[in-house]
Amino acid sequence: QQQVKQSPQSLIVQKGGISIINCAYENTAFDYFPWYQQFPGKGPALLIAIRPDVSEKKEGRFTISFNKSAKQFSLHIMDSQPGDSATYFCAASMGAQKLVFGQGTRLTINP
Amino acid sequence: GAVVSQHPSWVICKSGTSVKIECRSLDFQATTMFWYRQFPKQSLMLMATSNEGSKATYEQGVEKDKFLINHASLTLSTLTVTSAHPEDSSFYICSASGTGIGEQYFGPGTRLTVT
């Protein structure tokens, strides 16, 4: 119930394409869903986050789509660039409690 | 805003010695700090949660006597790995949370190598 399942494990996208990473959760009490970007040897950086009262949030080239009934949320990266190559983690939490992380997706953008 | 620092960024120590890692929130007061461990190509594993002035809450399977956590102020938490062994070699990352519900900001991580 506490798990967040993330897919795919790895993804290769051509430059300029759309990268899509999906996450699914079971616990309907989760009320905060962030995405983190991590480069090798660095700590994760908060990319974008959404709460269940909205179905979509967009910040620049990054968009979160949220489907409350399906208990799924996804990250879309438009016009993907080589600099976007990194590992992406979705997560979920209840209130101020600990984050539950997905398994991570290694994204490679080919130039 | 929301900057978290860690020191040192990397450390090499001999087996049996202790190592202290500092985590600081630079531009906000962190009511809660978290310590994670990350193995290569894996997700983050939460080790413990600490609130300022309180004892840390450790996740199941984490030895509290081996991984000592102190959260002495709203801007500083420390993790001490006591009697380190080669299997403790890992990437340790802290995060800090202020008043924003659920929001955690991560430090750059500390690479620990025990020889």
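Residues numbered from 1 in each chain as written. Chains lettered and ligands numbered in written order. Predicted model: local features only at pLDDT ≥ 70, side-chain atom pairs only at ≥ 80, totals over all residues. Heavy atoms only, no water.

## Side note on the overall build of chain A
From N to C terminus, chain A includes 0 helices and 11 strands. Since a compact globule built from 111 residues should have a radius of gyration of about 13 Å, the 13 Å found for chain A is in line with a globular shape. Counting every position in chain A, which comprises 111 residues, the buried fraction comes to 45%. For chain A, the share of sequence-separated contacts (at least 6 apart) that also reach a separation of at least 24 residues comes to 53%. Split by element, the accessible area of chain A, about 5,400 Å² in all, is 50% carbon and sulfur. Looking at charge distribution, chain A has the averaged site of its 11 positive side-chain charges lying 6 Å from that of its 7 negative ones. (Helix = DSSP H or I, 4+ residues; strand = E, 2+ residues; numbered from the N terminus. Rg over C-alpha atoms; globule rule 2.2 N^0.38 Å. Buried < 20%, exposed > 50% of the residue type's maximum accessible area, 1.4 Å probe, protein only. Contact = heavy atoms within 4.5 Å. Areas by Shrake-Rupley, 256 points an atom, 1.4 Å probe, with all protein chains shown as cover. Lys, Arg positive; Asp, Glu negative; His and termini not counted. Charge placed at Lys NZ, Arg CZ, Asp CG, Glu CD.)

## So, a nonpolar patch on the surface
All names here are of chain A. A surface patch of nonpolar side chains, amounting to about 240 Å² of accessible area, comprises Ile-18, Ile-20 and Met-78. One can find Ile-18 in the loop between strand 2 (10-14) and strand 3 (19-25). Taking relative accessible area as the criterion, Ile-18 reaches 46% and is therefore assigned partly exposed. (Patch = residues over 30% accessible without salt bridge, like charges linked within 9 Å, V, L, I, M, F, W, Y side chains within 5 Å. Salt bridge = Lys/Arg side-chain N within 4 Å of Asp/Glu carboxyl O.)

## Side note on the interface of chain A and chain B
On the chain B side, the residues contacting the 19 residues of chain A number 19 residues. With both sides pooled, the region where chain A packs onto chain B buries about 1,500 Å², and carbon together with sulfur makes up 57% of that total. For the pair chain A and chain B, the number of links is 1 salt bridge. For B:Glu59, the salt bridge identified is with A:Lys98, shortest N-O distance 2.7 Å. Counting every contact that joins chain A to chain B gives 5 residue pairs in polar contact (both at pLDDT 80 or more). Looking at the side of chain A that touches chain B, its residues break down into 8 nonpolar, 7 polar and 4 charged. (Buried area = accessible area lost by both parts, 1.4 Å probe. Polar contact = N/O pair within 3.5 Å; in protein donor to acceptor, adjacent residues only side chain to side chain. Nonpolar A, V, L, I, M, F, W, Y, C, P; charged D, E, K, R; others polar.)

## A look at the nonpolar core
Across soluble globular proteins, nonpolar side chains show a tendency to be buried alongside one another. Residues and elements named next belong to chain A. Membership of the largest hydrophobic core comes to 25 residues, with the highest contact counts inside it found for Val-4, Phe-33, Trp-35, Phe-73, Leu-75 and Tyr-88. Elements with a contribution of two residues or more to this core: strand 2, strand 3, strand 4 (33-38), strand 5 (45-50), strand 7 (62-67), strand 8 (72-77), strand 9 (86-92) and strand 11 (105-110). Among the elements that make up this core, the one with the highest residue count is strand 9 (4 residues). Once residues lying within four places of it in the same chain are set aside, the contact partners of Phe-33 are Tyr-25, Ile-48, Ala-49, Ile-50, Pro-52, Ile-64, Phe-66, Phe-73, Ala-91 and Ala-92. (Core = buried A, V, L, I, M, F, W, Y, C linked by side-chain atoms within 4.5 Å.)

## Quick word on the side chain of B:Ser90
All names here are of chain B. Mapped onto the elements of the fold, Ser-90 is located in strand 9 (residues 90-97). A relative accessible area of 4% means that Ser-90 is categorised as buried. At a separation of 3.2 Å, a polar atom in the side chain of Ser-90 contacts the main-chain carbonyl oxygen of Gln-38. When near neighbours in sequence (up to four residues on either side) are disregarded, Ser-90 contacts Arg-37, Gln-38, Phe-39, Thr-110, Arg-111 and Leu-112.

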